[in-house]
Amino acid sequence: MRDFHPLRLSEVRPEIEGAATSLIFDVPQDLQATFQWQAGQHLTLRFMIDGVEERRSYTISNPPWAPLRITVKQVYKGKVSHHVAGLAPGDTVEVIPPFGSFCLTPQPMGRRTHYFFGSGSGITPLFAMINAVLQEEPYSVAHLIYGNADEPSILLREELEALQDRHGDRFTLRHVISSPSMWSWFSPWRKGRVDKDAIAAAIEETPPEAQDVQYWICGPGAMNRDVKTALMSMDVPDTRIHMESFGGTEAENDGVTGVKATATVRLDGADHQIAMAADQTLLQALQANGLSVPYSCQSGVCGACRCQVTEGTVHMRNRMALEDADIANGAALSCQSLATSETLGVNFDR
(Lines give C-alpha, C1' and ligand atoms only; values in the text may rest on other atoms or scores of the structure.)
Protein backbone atom coordinates (compact mmCIF):
# COMPACT_ATOMS: atom_id res chain seq x y z
CA MET A 1 0.00 0.00 0.00
CA ARG A 2 2.98 2.31 0.47
CA ASP A 3 4.35 1.72 -3.03
CA PHE A 4 4.06 4.28 -5.80
CA HIS A 5 2.02 3.33 -8.85
CA PRO A 6 2.16 5.11 -12.22
CA LEU A 7 -1.30 6.45 -13.07
CA ARG A 8 -2.25 8.04 -16.36
CA LEU A 9 -4.10 11.37 -16.34
CA SER A 10 -7.40 11.20 -18.18
CA GLU A 11 -8.17 14.89 -17.69
CA VAL A 12 -6.42 18.06 -16.51
CA ARG A 13 -8.88 20.83 -15.72
CA PRO A 14 -8.05 24.44 -14.75
CA GLU A 15 -10.13 25.76 -11.84
CA ILE A 16 -10.88 29.31 -10.61
CA GLU A 17 -9.40 30.97 -13.71
CA GLY A 18 -6.23 28.87 -13.63
CA ALA A 19 -5.42 29.51 -9.96
CA ALA A 20 -5.97 25.80 -9.28
CA THR A 21 -5.82 22.58 -11.27
CA SER A 22 -7.83 19.38 -11.02
CA LEU A 23 -6.14 16.14 -12.02
CA ILE A 24 -8.39 13.19 -12.88
CA PHE A 25 -6.66 9.81 -12.89
CA ASP A 26 -7.40 6.78 -15.03
CA VAL A 27 -7.12 3.89 -12.58
CA PRO A 28 -6.63 0.57 -14.41
CA GLN A 29 -8.86 -2.37 -13.55
CA ASP A 30 -6.14 -4.28 -11.70
CA LEU A 31 -5.63 -1.31 -9.32
CA GLN A 32 -9.28 -0.47 -8.68
CA ALA A 33 -9.33 -2.19 -5.28
CA THR A 34 -5.95 -0.70 -4.30
CA PHE A 35 -7.18 2.83 -5.03
CA GLN A 36 -10.50 2.65 -3.19
CA TRP A 37 -10.82 5.54 -0.74
CA GLN A 38 -12.94 7.03 2.00
CA ALA A 39 -14.21 10.58 1.78
CA GLY A 40 -11.53 12.85 3.23
CA GLN A 41 -8.48 10.71 2.45
CA HIS A 42 -5.56 11.89 0.33
CA LEU A 43 -2.93 10.80 -2.17
CA THR A 44 0.83 11.28 -2.14
CA LEU A 45 2.33 12.22 -5.50
CA ARG A 46 5.98 12.01 -6.49
CA PHE A 47 7.64 14.12 -9.17
CA MET A 48 11.18 14.60 -10.41
CA ILE A 49 11.56 18.35 -10.96
CA ASP A 50 14.94 19.76 -12.05
CA GLY A 51 16.57 16.53 -10.96
CA VAL A 52 15.13 16.66 -7.43
CA GLU A 53 12.50 14.30 -6.04
CA GLU A 54 9.47 16.18 -4.73
CA ARG A 55 6.57 14.64 -2.81
CA ARG A 56 3.28 16.25 -1.93
CA SER A 57 -0.01 15.08 -0.42
CA TYR A 58 -3.32 16.26 -1.86
CA THR A 59 -6.81 15.40 -0.68
CA ILE A 60 -9.07 13.49 -3.05
CA SER A 61 -11.72 16.00 -4.07
CA ASN A 62 -14.37 13.51 -5.17
CA PRO A 63 -16.54 11.01 -3.27
CA PRO A 64 -15.57 7.32 -3.56
CA TRP A 65 -17.98 6.48 -6.39
CA ALA A 66 -16.71 9.26 -8.67
CA PRO A 67 -13.46 9.40 -10.71
CA LEU A 68 -10.26 9.71 -8.69
CA ARG A 69 -9.52 13.45 -8.58
CA ILE A 70 -7.32 15.88 -6.70
CA THR A 71 -7.57 19.66 -6.89
CA VAL A 72 -4.32 21.59 -6.40
CA LYS A 73 -4.32 25.30 -5.67
CA GLN A 74 -1.40 27.35 -6.97
CA VAL A 75 1.10 28.34 -4.29
CA TYR A 76 3.28 31.43 -4.70
CA LYS A 77 6.65 30.15 -5.94
CA GLY A 78 5.32 26.64 -5.39
CA LYS A 79 7.50 24.32 -7.42
CA VAL A 80 5.08 21.39 -7.39
CA SER A 81 1.81 23.29 -7.79
CA HIS A 82 3.19 25.04 -10.88
CA HIS A 83 4.44 21.73 -12.24
CA VAL A 84 0.98 20.23 -11.75
CA ALA A 85 -0.57 23.11 -13.70
CA GLY A 86 1.64 22.21 -16.66
CA LEU A 87 0.58 18.56 -16.86
CA ALA A 88 -1.59 17.29 -19.71
CA PRO A 89 -3.97 14.38 -20.37
CA GLY A 90 -1.95 11.25 -21.10
CA ASP A 91 0.89 12.19 -18.74
CA THR A 92 1.79 9.66 -16.04
CA VAL A 93 2.10 10.53 -12.36
CA GLU A 94 3.51 8.34 -9.58
CA VAL A 95 0.95 7.96 -6.80
CA ILE A 96 0.73 6.18 -3.43
CA PRO A 97 -2.76 4.68 -2.82
CA PRO A 98 -5.20 6.64 -0.64
CA PHE A 99 -4.61 6.91 3.09
CA GLY A 100 -5.34 9.23 6.02
CA SER A 101 -7.47 9.17 9.16
CA PHE A 102 -9.40 12.40 8.49
CA CYS A 103 -12.32 10.69 6.84
CA LEU A 104 -16.06 10.38 7.17
CA THR A 105 -17.61 6.92 7.27
CA PRO A 106 -21.28 7.13 6.26
CA GLN A 107 -23.93 5.51 8.45
CA PRO A 108 -26.78 4.50 6.11
CA MET A 109 -29.28 4.15 8.97
CA GLY A 110 -27.81 6.96 11.06
CA ARG A 111 -29.46 10.31 11.77
CA ARG A 112 -26.74 12.92 12.19
CA THR A 113 -26.14 16.62 11.76
CA HIS A 114 -22.79 17.49 10.18
CA TYR A 115 -21.28 20.99 10.29
CA PHE A 116 -18.40 21.60 7.89
CA PHE A 117 -16.04 24.58 8.29
CA GLY A 118 -13.58 25.17 5.45
CA SER A 119 -11.33 27.80 3.97
CA GLY A 120 -9.61 27.94 0.59
CA SER A 121 -8.40 24.57 -0.66
CA GLY A 122 -9.62 23.04 2.60
CA ILE A 123 -12.89 22.50 0.73
CA THR A 124 -11.46 19.46 -1.10
CA PRO A 125 -11.95 16.82 1.63
CA LEU A 126 -15.13 18.52 2.84
CA PHE A 127 -16.65 18.33 -0.64
CA ALA A 128 -16.10 14.57 -0.73
CA MET A 129 -17.53 14.23 2.78
CA ILE A 130 -20.63 16.30 2.05
CA ASN A 131 -21.31 14.16 -1.01
CA ALA A 132 -20.95 11.04 1.10
CA VAL A 133 -23.48 12.33 3.64
CA LEU A 134 -26.02 13.38 1.03
CA GLN A 135 -25.68 10.14 -0.96
CA GLU A 136 -25.23 7.54 1.77
CA GLU A 137 -26.81 9.02 4.92
CA PRO A 138 -30.38 9.72 3.76
CA TYR A 139 -31.57 10.70 7.25
CA SER A 140 -28.71 13.15 7.94
CA VAL A 141 -28.17 16.82 7.09
CA ALA A 142 -25.04 18.80 6.20
CA HIS A 143 -24.20 22.50 6.66
CA LEU A 144 -21.14 24.09 5.06
CA ILE A 145 -19.56 27.39 6.14
CA TYR A 146 -16.89 28.13 3.54
CA GLY A 147 -14.44 31.03 3.74
CA ASN A 148 -12.50 32.64 0.89
CA ALA A 149 -10.82 35.93 0.12
CA ASP A 150 -13.18 36.84 -2.72
CA GLU A 151 -15.71 35.40 -5.16
CA PRO A 152 -13.22 34.33 -7.89
CA SER A 153 -11.25 32.21 -5.41
CA ILE A 154 -14.18 29.92 -4.47
CA LEU A 155 -13.09 26.40 -5.41
CA LEU A 156 -15.70 23.91 -6.66
CA ARG A 157 -18.36 26.62 -6.54
CA GLU A 158 -20.54 25.28 -9.35
CA GLU A 159 -20.45 21.75 -7.93
CA LEU A 160 -21.39 23.01 -4.47
CA GLU A 161 -24.27 25.03 -5.87
CA ALA A 162 -25.46 21.97 -7.81
CA LEU A 163 -25.51 20.01 -4.54
CA GLN A 164 -27.54 22.78 -2.93
CA ASP A 165 -30.03 22.72 -5.82
CA ARG A 166 -30.45 18.93 -5.59
CA HIS A 167 -30.48 18.64 -1.80
CA GLY A 168 -31.85 21.95 -0.59
CA ASP A 169 -33.80 20.23 2.18
CA ARG A 170 -30.66 18.60 3.62
CA PHE A 171 -27.74 20.83 2.65
CA THR A 172 -27.03 24.51 3.31
CA LEU A 173 -24.16 26.42 1.70
CA ARG A 174 -22.88 29.60 3.35
CA HIS A 175 -20.07 31.65 1.83
CA VAL A 176 -17.91 33.89 4.02
CA ILE A 177 -15.81 36.42 2.07
CA SER A 178 -12.99 38.37 3.72
CA SER A 179 -12.14 40.82 0.89
CA PRO A 180 -15.24 41.24 -1.28
CA SER A 181 -14.97 43.27 -4.46
CA MET A 182 -17.12 46.37 -4.73
CA TRP A 183 -17.59 45.50 -8.41
CA SER A 184 -19.09 42.07 -7.79
CA TRP A 185 -22.80 41.25 -7.72
CA PHE A 186 -22.05 38.23 -5.54
CA SER A 187 -23.72 38.47 -2.16
CA PRO A 188 -22.03 36.23 0.44
CA TRP A 189 -23.83 34.98 3.52
CA ARG A 190 -21.34 36.91 5.63
CA LYS A 191 -18.33 39.21 5.20
CA GLY A 192 -15.20 38.60 7.26
CA ARG A 193 -13.75 35.27 8.33
CA VAL A 194 -14.96 31.94 9.63
CA ASP A 195 -14.71 33.06 13.26
CA LYS A 196 -16.63 32.53 16.47
CA ASP A 197 -19.42 34.95 15.51
CA ALA A 198 -19.89 33.30 12.10
CA ILE A 199 -19.97 29.84 13.69
CA ALA A 200 -22.51 30.88 16.30
CA ALA A 201 -24.71 32.54 13.66
CA ALA A 202 -24.63 29.48 11.40
CA ILE A 203 -25.55 27.07 14.19
CA GLU A 204 -28.32 29.38 15.37
CA GLU A 205 -29.78 29.57 11.85
CA THR A 206 -29.61 25.81 11.34
CA PRO A 207 -29.60 24.15 14.76
CA PRO A 208 -28.88 20.42 15.04
CA GLU A 209 -31.68 18.14 13.91
CA ALA A 210 -30.25 15.10 15.68
CA GLN A 211 -28.46 14.32 18.92
CA ASP A 212 -25.45 12.95 17.01
CA VAL A 213 -23.69 16.11 15.81
CA GLN A 214 -20.26 16.06 14.14
CA TYR A 215 -18.02 19.03 13.32
CA TRP A 216 -15.48 18.85 10.46
CA ILE A 217 -12.79 21.51 10.00
CA CYS A 218 -10.25 21.92 7.21
CA GLY A 219 -8.23 25.02 6.42
CA PRO A 220 -4.99 26.77 7.34
CA GLY A 221 -3.69 25.90 10.81
CA ALA A 222 -4.72 29.20 12.42
CA MET A 223 -8.28 28.84 11.18
CA ASN A 224 -8.48 25.28 12.49
CA ARG A 225 -7.36 26.33 15.93
CA ASP A 226 -9.75 29.29 16.01
CA VAL A 227 -12.74 27.22 14.92
CA LYS A 228 -11.99 24.43 17.40
CA THR A 229 -11.55 26.95 20.22
CA ALA A 230 -14.85 28.61 19.30
CA LEU A 231 -16.70 25.29 19.21
CA MET A 232 -15.28 24.18 22.54
CA SER A 233 -16.32 27.50 24.09
CA MET A 234 -19.86 26.49 23.05
CA ASP A 235 -19.45 23.24 25.01
CA VAL A 236 -18.91 21.06 21.94
CA PRO A 237 -17.11 17.89 23.10
CA ASP A 238 -13.60 17.47 21.71
CA THR A 239 -14.51 13.96 20.50
CA ARG A 240 -17.01 15.41 18.02
CA ILE A 241 -14.50 17.78 16.40
CA HIS A 242 -12.45 16.45 13.47
CA MET A 243 -9.69 18.49 11.83
CA GLU A 244 -7.16 18.47 9.05
CA SER A 245 -4.80 21.33 8.26
CA PHE A 246 -3.77 22.87 4.97
CA GLY A 247 -0.58 24.85 5.36
CA GLY A 248 3.05 25.11 4.38
CA THR A 249 5.37 22.26 3.46
CA GLU A 250 7.40 22.47 6.66
CA ALA A 251 6.37 22.75 10.27
CA GLU A 252 7.61 25.61 12.36
CA ASN A 253 10.43 24.89 14.81
CA ASP A 254 8.88 25.09 18.27
CA GLY A 255 12.25 25.60 19.96
CA VAL A 256 12.44 22.14 21.52
CA THR A 257 15.77 20.35 21.10
CA GLY A 258 16.00 16.59 21.41
CA VAL A 259 18.85 14.48 22.73
CA LYS A 260 21.44 12.27 21.06
CA ALA A 261 20.01 8.80 20.85
CA THR A 262 20.46 5.29 19.54
CA ALA A 263 17.33 4.06 17.78
CA THR A 264 16.45 0.48 16.92
CA VAL A 265 14.11 0.62 13.94
CA ARG A 266 11.91 -2.24 12.76
CA LEU A 267 11.38 -1.84 9.02
CA ASP A 268 10.24 -4.41 6.42
CA GLY A 269 10.84 -7.28 8.80
CA ALA A 270 14.40 -6.33 9.77
CA ASP A 271 15.92 -4.39 12.69
CA HIS A 272 18.28 -1.49 12.04
CA GLN A 273 20.28 0.44 14.64
CA ILE A 274 20.93 4.09 13.85
CA ALA A 275 22.36 7.10 15.64
CA MET A 276 20.27 10.26 16.01
CA ALA A 277 21.73 13.71 16.59
CA ALA A 278 19.98 15.99 19.05
CA ASP A 279 18.62 18.23 16.31
CA GLN A 280 17.65 15.42 13.91
CA THR A 281 14.14 14.17 13.36
CA LEU A 282 13.73 10.43 13.16
CA LEU A 283 13.01 10.71 9.42
CA GLN A 284 16.20 12.72 8.83
CA ALA A 285 18.25 10.14 10.77
CA LEU A 286 16.73 7.27 8.80
CA GLN A 287 17.47 8.97 5.48
CA ALA A 288 21.03 9.79 6.59
CA ASN A 289 21.52 6.07 7.24
CA GLY A 290 20.20 5.08 3.81
CA LEU A 291 16.88 3.69 5.02
CA SER A 292 13.79 4.31 2.91
CA VAL A 293 10.54 4.86 4.79
CA PRO A 294 7.23 6.38 3.66
CA TYR A 295 6.94 10.15 3.94
CA SER A 296 5.25 12.99 2.14
CA CYS A 297 4.40 16.46 3.47
CA GLN A 298 7.13 16.64 6.17
CA SER A 299 4.87 18.98 8.15
CA GLY A 300 2.94 16.57 10.35
CA VAL A 301 -0.25 16.90 8.35
CA CYS A 302 -0.55 13.86 6.09
CA GLY A 303 0.42 10.95 8.35
CA ALA A 304 2.36 9.08 5.67
CA CYS A 305 5.41 8.69 7.94
CA ARG A 306 3.47 7.28 10.89
CA CYS A 307 5.26 4.73 13.06
CA GLN A 308 4.97 3.16 16.52
CA VAL A 309 7.29 4.06 19.40
CA THR A 310 7.95 0.83 21.31
CA GLU A 311 10.71 2.07 23.63
CA GLY A 312 11.74 5.50 24.91
CA THR A 313 10.08 8.83 24.16
CA VAL A 314 9.92 11.43 21.40
CA HIS A 315 8.78 15.02 21.08
CA MET A 316 6.70 15.89 18.02
CA ARG A 317 6.90 19.48 16.79
CA ASN A 318 3.60 19.02 15.00
CA ARG A 319 1.11 16.17 15.15
CA MET A 320 -1.93 17.32 13.20
CA ALA A 321 -2.30 13.89 11.54
CA LEU A 322 -2.68 12.12 14.90
CA GLU A 323 -5.46 12.08 17.47
CA ASP A 324 -4.69 12.18 21.19
CA ALA A 325 -5.71 8.52 21.45
CA ASP A 326 -3.20 7.58 18.73
CA ILE A 327 -0.37 9.28 20.62
CA ALA A 328 -1.42 7.67 23.88
CA ASN A 329 -1.06 4.31 22.13
CA GLY A 330 2.47 5.10 20.97
CA ALA A 331 1.88 6.45 17.47
CA ALA A 332 4.35 9.05 16.19
CA LEU A 333 5.22 10.93 13.00
CA SER A 334 8.85 10.31 12.05
CA CYS A 335 9.11 13.62 10.18
CA GLN A 336 8.30 15.52 13.40
CA SER A 337 9.87 13.30 16.07
CA LEU A 338 12.93 14.31 18.07
CA ALA A 339 14.35 11.80 20.54
CA THR A 340 13.85 12.76 24.19
CA SER A 341 15.42 9.58 25.56
CA GLU A 342 18.87 8.19 24.79
CA THR A 343 17.44 4.86 23.66
CA LEU A 344 14.56 4.61 21.21
CA GLY A 345 12.61 1.73 19.71
CA VAL A 346 10.49 2.36 16.62
CA ASN A 347 8.36 0.03 14.49
CA PHE A 348 7.24 0.88 10.96
CA ASP A 349 5.74 -2.57 10.34
CA ARG A 350 2.71 -2.18 12.63
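Residues numbered from 1 in each chain as written. Predicted model: local features only at pLDDT ≥ 70, side-chain atom pairs only at ≥ 80, totals over all residues. Heavy atoms only, no water.

Cut-off, in case you're wondering: UniProt positions are given in the numbering used here, feature names are shortened, and annotations may be inferred rather than shown by experiment.
An unreviewed UniProt entry annotates the protein chain as 1,2-phenylacetyl-CoA epoxidase, subunit E of Thalassovita autumnalis. The Cofactor (unreviewed entry) comment attached to the protein chain in UniProt states, word for word, "FAD".

### Comments concerning the overall build of the protein chain
Test applied: Put simply, DSSP H or I for four residues or longer makes a helix, DSSP E for two residues or longer makes a strand, and each gets a number counted from the N terminus. Between the two quantities, the radius of gyration covers C-alpha atoms and the globule rule is 2.2 Å times the number of residues to the power 0.38. Relative accessibility under 20% of the residue-type maximum defines a buried residue, over 50% an exposed one, and the middle range a partly exposed one, all with a 1.4 Å probe and only protein chains included. Should any heavy atoms of two residues lie within 4.5 Å, those residues are counted as being in contact. Residue-level accessible areas treat just the shown protein chains as cover; the underlying method is Shrake-Rupley with a 1.4 Å probe. Counted charges follow a simple rule, with Lys and Arg positive, Asp and Glu negative, and His plus the chain ends left uncounted. Think of each charge as sitting on NZ of Lys, CZ of Arg, CG of Asp or CD of Glu.
Within the protein chain, the secondary structure is distributed over seven helices and 19 strands. A compact globule built from 350 residues would reach a C-alpha radius of gyration of about 20 Å, and the protein chain, at 21 Å, matches this within 12%. Considered along the principal axes of its C-alpha atoms, the protein chain spans approximately 60 × 50 × 45 Å. Split into buried and exposed, the 350 residues of the protein chain put 51% on the buried side. In the protein chain, once contacts between residues fewer than 6 apart in sequence are set aside, the share between residues at least 24 apart is 68%. Looking at the protein chain as shown, the accessible area adds up to about 16500 Å², and 47% of this sits on carbon and sulfur atoms. Across the protein chain, the centroid of the 29 positively charged side chains sits 2 Å from that of the 42 negatively charged ones.

### Comments concerning the sheet that holds strand β14 (residues 270-276)
Spelled out, the test is: At least two bridges found by DSSP between two strands is the condition for calling them paired. Note on geometry: axes are lines fitted to C-alpha atoms, helical ones only across the stretch in contact, with angles between N-to-C directions running from 0 to 180 degrees.
Overall, mixed pairing links the five strands, which are arranged β14-β13-β19-β15-β17 in an open sheet. Every interior strand has two partners, whereas the edge strands, β14 and β17 (331-333), have only one. Sheet twist, expressed as the mean angle between neighbouring strand axes with direction ignored, is 35°.

### Let's talk about the pairing of strand β7 (residues 112-119)
For clarity, the threshold we go by: For crossovers, right-handed means that the path from the first strand over the helix to the second runs clockwise, given strands pointing away from the viewer.
Counting buried residues along β7, seven of its eight residues qualify, which places the element largely inside the surrounding structure. The pairing of β7 with strand β11 (residues 212-219) spans seven bridges and is parallel. Counted as the bridge partner of Phe116 is Trp216 from β11. Inspection of the sheet shows β7 paired to strand β8 (residues 141-148) by seven bridges, in the parallel sense. If you follow Phe117 over to β8, its bridge partner there is Ile145. For the segment spanning β7, helix α2 (residues 123-136) and β8, crossover handedness is right-handed.

### Some details on unusual backbone geometry
Phi at Asp50 is positive, roughly 55°, even though this residue is not glycine. Turning to its location among the elements, Asp50 is positioned in the loop between β3 (42-49) and β4 (52-59). A positive phi is found at Lys77, a non-glycine position, where the angle reads about 60°. Inspection of the secondary structure puts Lys77 in the loop between β5 (69-73) and α1 (79-85).

### Here's the deal with the layout of surface pockets
What counts is decided by this rule: Detection works on a 1 Å grid of protein atoms alone, calling trapped sets that fit a 1.4 Å probe cavities and calling open sets with protein on both sides within 12 Å along at least five of seven lines pockets, with lining residues defined by an atom within 4 Å of a point. Grid points are joined across faces, edges and corners, and a volume is the space filled by probe spheres set on the points. We call Asp, Glu, Lys and Arg charged. Ala, Val, Leu, Ile, Met, Phe, Trp, Tyr, Cys and Pro are nonpolar, and the rest, Gly among them, are polar.
As a volume, the largest pocket reaches approximately 960 Å³. If you trace the largest pocket, you find 37 residues lining it, with Ser101, Met320, Ala321, Leu322 and Glu323 closest to the centre. Across the lining of the largest pocket, the residue classes break down as 18 nonpolar, nine polar and ten charged.

### Examining the pattern of salt bridges
The test is simple: A side-chain nitrogen of Lys or Arg and a carboxyl oxygen of Asp or Glu constitute a salt bridge if their distance falls within 4 Å.
With the rule as written, the count across this model stands at 16 salt bridges. A salt bridge links Glu53 to Arg55; the shortest N-O distance between them is 2.7 Å. A residue is classified by how much of its surface remains accessible, and Glu53, at 33% relative accessible area, is partly exposed. With its nearest N and O atoms 2.2 Å apart, the salt bridge here joins Arg112 to Glu137. With a gap of 25 residues between them, Arg112 in strand β7 and Glu137 in the loop between α2 and β8 connect regions that are remote in the sequence.

### Describing the sheet that holds strand β6 (residues 92-99)
Spatially, β4-β3-β6-β1-β2-β5 is the arrangement adopted by the six strands of the open sheet, whose pairing is antiparallel. What marks the edges here is a single partner per strand, and that holds for β4 and β5. Strand after strand, the sheet turns through a mean of 40° between neighbouring axes, direction not considered. Where strand β2 (residues 20-26) meets β5, five bridges bridge the pair, whose relative direction is antiparallel. Paired with Ala20 across the two strands is Lys73, which belongs to β5.

### Overview of the packing of α2 against helix α3 (residues 157-166)
Filter applied, for reference: Roughly parallel means an angle under 35 degrees; roughly antiparallel, over 145; roughly perpendicular, 65 to 115; everything else is oblique. Crossing handedness is defined as follows: a turn of the near helix away from the far one that is anticlockwise and smaller than a right angle gives a left-handed crossing, while the clockwise case is right-handed.
For the pair α2 and α3, interaxial distance at closest approach is 12 Å and the crossing angle is 20°. When the interaxial angle is binned, α2 and α3 end up roughly parallel. α2 and α3 meet at a crossing whose hand is left-handed. Between α2 and α3, the contacting residues are Ile123, Phe127, Ile130, Asn131 and Leu134 on the first element and Glu159, Leu160 and Leu163 on the second. Residues of the contact of α2 with α3, tallied by class, amount to six nonpolar, one polar and one charged.

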